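Residue strings, one per chain:
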Amino acid sequence: MNYSSLIIAVLILLGGAYLLGRNRARAIASQGIRLHSLPTHYGALMALWTGLPPLLLLLIWGLAEAPIIDHLLIAQLPEAIQQGTSSEIQLTISKVHNLAIGAGIDAAPELEPAVRHLIDLQQRTLLLHSGMVLSLALLGIALTWRRIKADMRARTEVESIVRRLLFASSGVAVLTTLGILASVLYEAWQFFGKVSPFEFLFGTTWSPQVALRADQSGSSGSFGAVPLFAGTLLISLIAMFIAVPVGLMAAIYLSEYATPTIRQYAKPALEILAGIPTVVYGFFAALTVAPVIRELGESMGLAVSSESALAAGLVMGIMIIPFVSSLSDDVINAVPQSLRDGSYGLGATKSETVKEVVIPAALPGIVGAIMLAVSRAIGETMIVAMAAGLAANLTANPLDSVTTVTVQIVTLLVGDQEFDSPKTLAAFALGLVLFLVTLVLNFVALKVVQKYREQYD
Amino acid sequence: MSIIENHKTNGAAFCENPKLKARDVGVFYGEKQAIFDVSLDIGANEVIALIGPSGCGKSTFLRCLNRMNDTIDICQIRGEILLDGENIYDPKVDVVPLRARVGMVFQKPNPFPKSIYDNVAYGPRIHGLAHSRVDLDEIVEKSLQRAGLWNEVKDRLHSPGTGLSGGQQQRLCIARTIAVDPEVILMDEPCSALDPIATAKIEELIDELRENYTIAIVTHSMQQAARVSQRTAYFHLGQLIEVNPTDQVFTTPQHTLTEAYITGRFG
């Protein structure tokens, strides 16, 4: 049996176990004995014990099977191949796998025993794990069936299992973050073994070309990331310059002035902006906004680069408007009506009330919203990749072409690269910096928002 | 409910020296009528208590007196309300100075998220009442003194108003209202969120404020109505059933509904 039919079989057993457990509980209840829990709880308990262990086993098996089979396979390979480097062995292993499914390009008689061994191994493990999974499911049914009695606390047990399931789900998210962080840290560590962190963080020349072969001349590589940080900062600043005032004013209009009908249509319409794929914003920036800015600048006698920071920043600002407006709108709405009433009751006008009472009350939340938007701007990739260019200029002129951390990460990793060269590893160092900055920003933003929430609950 | 089908108010709804005069006031929330033809005088320098079971329209009526209901879109008001003989619902009337003349204290203390000083200074600032920093300091001090809060907060005027206790917050809100020098103060169950000691302080304060202001207070506590008010108006299902001097309402109510309410048979 393959994986999908095994899963279906377990699910069918699980459904059957539910009915079985429930009916057994009902049968006990019909004898006039008072059950501790509802019959459905007994059913659910039985279903959980039937379904969870086999599915867990399947998961672990799926993760562990391939390495174990490969390990067994290597032991079977001819001596000559086993002496080779690890990449040569890997190559042979995948060749054997291909031959086993009949996709071998050229016949390799010396691998024939290995192929047969692999097919044999695969068949045996399949049989083994199908048997184990199904018997585990049946064992679950049998054991739980015996445990179902009138005074058994099925509800308590179901709830504690469910609680653990929920905990595990949230654990997945946290562990993933930790895993990503660990891998980025590891690669960045390798990078800093080749390039000093001081040069990386404070150097002002970015030219990540390194020699691919020893006999190549020229590019020795220079990894001063300051121009990238500066470019990121410049574009983010331009973006925030657009997004904060427009987003904030839109939020004030929507929450304080708009009639319910207008709000009903305007708010979703604004949020559609957030749903536009960033790649669409990217070509909007590169093909529409950038030429307009360029022509406008030229008509005023300014030298405008065709991939200006201004174009990328403007479009990014537009993309971020809904972040600012939607979050600010929420916090402004969370300001209690009693505060507004208090202000109106003193004879304040609407704008005075908004300016003097509502905005100050919502300010921590608005700051939180802006910081989340900033971290979004710093991490944004597609728009800048398409519209901001690759030239690592260290400049504060928005009409110049600059590049950003994210754009460089993309260009460093695109194409055929040796994966242990400083060039590719630099991407991880940049990623680490980006990760840390946005992490700190998000953390501070969440703290600020939290503090605000506590004030009015 | 046949008793209240005739829209007649028992007792003395009108008085000799009225500050506010409501005439045939009706309030609608959309299709639903919340108040029916209420006519009532509120005399200068008196405290009038508005009592009645929940949902009887007493708060709605109170909010009509400084047009706070304007902030609710679907709310419509008929009839007229005269402040010193001038109809406050006249299209020519600007609601901003009106609310400065008719201040309001709310059920839940709602200090602004500002310092104690700025809370009190808020009204004078927006109305331009103070011409200098010294002026403003003086208004703030005087208002806090009148609200009986000065001694408790004079050393921490610049700490947040939200850090005060519930009773202090409510007195801060009263000080804030007094600071714009209103003529009438409307209070919507000002003590319902407070403990008995804080309530006693506010009641004492209301009695002192009567010297300078006209006060209308909505309350659910009949003891409070009896303690602080000179006249009492009893509302029932949007109608004004009876208005009489307070001691008379609580000793010899005219209407059977009033009697039923004050003796605790409902409400």
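Every value quoted in this text rests on a predicted model; they were computed, and no experiment measured them.

1. Digging into the overall build of chain B
Line of reasoning, step 1. Within chain B, the secondary structure is distributed over ten helices and eleven strands.
Line of reasoning, step 2. Taking 267 residues into account, the globule formula puts the C-alpha radius of gyration at 18 Å, and chain B, at 19 Å, falls close to it.
Line of reasoning, step 3. If you line up chain B on its principal axes, its C-alpha atoms span 60 × 45 × 35 Å.
Line of reasoning, step 4. Taking all 267 residues of chain B together, the buried fraction comes to 56%.
Line of reasoning, step 5. Carbon and sulfur atoms form 48% of the exposed surface of chain B, whose accessible area is close to 11,500 Å².
Line of reasoning, step 6. Here chain B carries 27 positive and 34 negative side-chain charges, and the mean point of each set is 3 Å from the other.

2. Thoughts on the interface of chain B and chain A
Accessible area lost when the parts come together is the quantity often used to give the size of an interface.
Line of reasoning, step 1. Contact with chain B, which involves 23 residues of that partner, is made by 19 residues of chain A.
Line of reasoning, step 2. Interface area lost by chain B to chain A is led by P113, Y122 and I126 of chain B, which between them contribute 31%.
Line of reasoning, step 3. On the surface where chain B and chain A come into contact, there are two salt bridges.
Line of reasoning, step 4. Here E356 of chain A ties to K114 of chain B by a salt bridge, and the two come within 3.7 Å at their closest N and O atoms.
Line of reasoning, step 5. Here chain B and chain A share four residue pairs in polar contact (both at pLDDT 80 or more) between them.
Line of reasoning, step 6. Elements that contribute at least two residues to the side of chain B that touches chain A include exactly α2 (95-101), β7 (102-105), α3 (116-127) and α6 (166-179) of chain B.
Line of reasoning, step 7. Of the residues that constitute the side of chain B that touches chain A, the class distribution is twelve nonpolar, six polar and five charged.

3. Things to note about the domain arrangement of chain A
Line of reasoning, step 1. According to the domain assignment, chain A consists of domain 1 (3-152) and domain 2 (222-456).
Line of reasoning, step 2. Between the C-alpha centres of domain 1 of chain A and domain 2 of chain A the distance comes to 48 Å.

4. Overview of the confidence of the model for chain A
Reading predicted coordinates in detail is not appropriate for stretches of low pLDDT.
Line of reasoning, step 1. The predicted model of chain A averages 85 in pLDDT, with 94% of residues at 70 or higher.
Line of reasoning, step 2. Within chain A, no element has a lower average pLDDT than helix α3 (residues 79-82) of chain A, which sits at 74, and none a higher one than helix α8 (residues 226-257) of chain A, at 92.

5. As for the sheet that holds strand β3 (residues 32-43) of chain B
All names here are of chain B.
Line of reasoning, step 1. The four strands are arranged β3-β2-β5-β6 in an open sheet whose pairing can be described as antiparallel. Unpaired on one side and paired on the other, β3 and β6 (86-87) mark the two borders of the sheet.
Line of reasoning, step 2. Of the pairings in the sheet, the one linking strand β2 (residues 18-29) to β3 comprises eight bridges and is antiparallel in character. Its bridge partner being in β3, V25 is matched across the sheet by V38.

6. Focus on the pairing of strand β11 (residues 239-245) of chain B
Residues and elements named next belong to chain B.
Line of reasoning, step 1. Counted residue by residue, β11 has six buried out of seven residues, so it is predominantly covered.
Line of reasoning, step 2. Across six bridges, the pairing between strand β10 (residues 231-236) and β11 is antiparallel. Looking across to β11, one finds that R231 is bridged to P245.
Line of reasoning, step 3. Hairpin connection from β10 to β11: two residues lie between these consecutive antiparallel strands, with L237 at a positive phi of about 50 degrees.

7. A short note on the UniProt feature "domain: ABC transporter" (unreviewed entry) in chain B
Line of reasoning, step 1. Taking the UniProt record as the reference, the feature "domain: ABC transporter" (unreviewed entry) is found at residues 20-262 of chain B.
Line of reasoning, step 2. Along residues 20-262 of chain B, the helical share is 38% and the strand share 27%, with 26 Å between the first and last C-alpha atoms.

8. Observations regarding the pattern of salt bridges
Residue and element names in this part refer to chain B.
Line of reasoning, step 1. Taken as a whole and assessed by the stated rule, the structure comprises 23 salt bridges over all chains.
Line of reasoning, step 2. Between R23 and D41 there is a salt bridge, with its nearest N and O atoms 2.9 Å apart. Taken together, the residues R23 in strand β2 and D41 in strand β3 connect sequence positions 18 residues apart.
Line of reasoning, step 3. Its relative accessible area of 22% is what places R23 among the partly exposed residues.
Line of reasoning, step 4. R210 serves as the salt-bridge partner of D207, at 3.9 Å between the closest nitrogen and oxygen.
Line of reasoning, step 5. Taking the relative accessible area as the measure of exposure, D207 reaches 40% and is therefore partly exposed.
Line of reasoning, step 6. Its relative accessible area of 27% is what places R210 among the partly exposed residues.

9. With respect to the packing of α8 of chain A against helix α11 (residues 309-334) of chain A
Residues and elements named next belong to chain A.
Line of reasoning, step 1. Their axes nearest at 6 Å, the elements α8 and α11 cross at an angle of 35 degrees. For the pair α8 and α11, the crossing hand works out as right-handed.
Line of reasoning, step 2. Split by residue class, the contact of α8 with α11 holds 23 nonpolar, seven polar and two charged.

10. Here's the deal with the packing of aromatic side chains
Line of reasoning, step 1. In total, this model carries ten aromatic pairs over all chains according to the counting rule given.
Line of reasoning, step 2. Among the aromatic residues, ring-to-ring pairing joins F191, F192, F200, W206, F223 and F229 of chain A into one connected group.
Line of reasoning, step 3. Against the face of W145 of chain A rests R24 of chain A, its NZ or CZ located 4.3 Å from the ring centre.
Line of reasoning, step 4. Against the face of F112 of chain B rests R176 of chain B, its NZ or CZ located 4.1 Å from the ring centre.

11. A few points about helix α1 (residues 3-30) of chain A
Residues that lie three or four places apart on an α-helix share one face, since the helix turns once every 3.6 residues.
Residues and elements named next belong to chain A.
Line of reasoning, step 1. Here α1 contains 28 residues, and its C-alpha end-to-end distance of 40 Å stays within 8% of the 40 Å for a straight helix at 1.5 Å per residue.
Line of reasoning, step 2. Contacts made by the buried residues of α1 are with α2 (39-76) and α5 (112-147).
Line of reasoning, step 3. Where α1 terminates, the next one or two residues include G32, which has phi positive at roughly 85 degrees.

12. Looking at the environment of E380 of chain A
Residue and element names in this part refer to chain A.
Line of reasoning, step 1. Mapping E380 onto the fold places it in the loop between α13 (350-379) and α14 (382-387).
Line of reasoning, step 2. With a relative accessible area of 4%, E380 lands in the buried category.
Line of reasoning, step 3. Once the C-alpha coordinates of E380 and G282 are considered, the two residues, 98 residues apart in sequence, prove to be 11 Å apart.
Line of reasoning, step 4. Apart from residues no more than four positions distant in its own chain, E380 is found in contact with T278, M316, M319 and T406.
Line of reasoning, step 5. A polar side-chain atom of E380 sits 3.1 Å from the main-chain amide nitrogen of I383.

The rules behind the values
- Residues numbered from 1 in each chain as written.
- Chains lettered and ligands numbered in written order.
- Predicted model: local features only at pLDDT ≥ 70, side-chain atom pairs only at ≥ 80, totals over all residues.
- Heavy atoms only, no water.
- Helix = DSSP H or I, 4+ residues; strand = E, 2+ residues; numbered from the N terminus.
- Rg over C-alpha atoms; globule rule 2.2 N^0.38 Å.
- Buried < 20%, exposed > 50% of the residue type's maximum accessible area, 1.4 Å probe, protein only.
- Areas by Shrake-Rupley, 256 points an atom, 1.4 Å probe, with all protein chains shown as cover.
- Lys, Arg positive; Asp, Glu negative; His and termini not counted.
- Charge placed at Lys NZ, Arg CZ, Asp CG, Glu CD.
- Contact = heavy atoms within 4.5 Å.
- Buried area = accessible area lost by both parts, 1.4 Å probe.
- Salt bridge = Lys/Arg side-chain N within 4 Å of Asp/Glu carboxyl O.
- Polar contact = N/O pair within 3.5 Å; in protein donor to acceptor, adjacent residues only side chain to side chain.
- Nonpolar A, V, L, I, M, F, W, Y, C, P; charged D, E, K, R; others polar.
- Domains from an automatic or database assignment.
- pLDDT = per-residue confidence, 0-100.
- Pairing = 2+ DSSP bridges.
- UniProt positions renumbered as here; feature names shortened; annotations may be inferred.
- Axes fitted to C-alpha atoms, helices over the stretch in contact; angles between N-to-C directions.
- Left-handed = near helix turned anticlockwise from the far one by under 90°.
- Phe/Tyr/Trp six-rings, centres within 6.5 Å; stacked < 30°, edge-to-face > 60°.
- Lys NZ or Arg CZ within 6 Å of the ring centre and 35° of its normal.
- Expected span 1.5 Å × (residues − 1).

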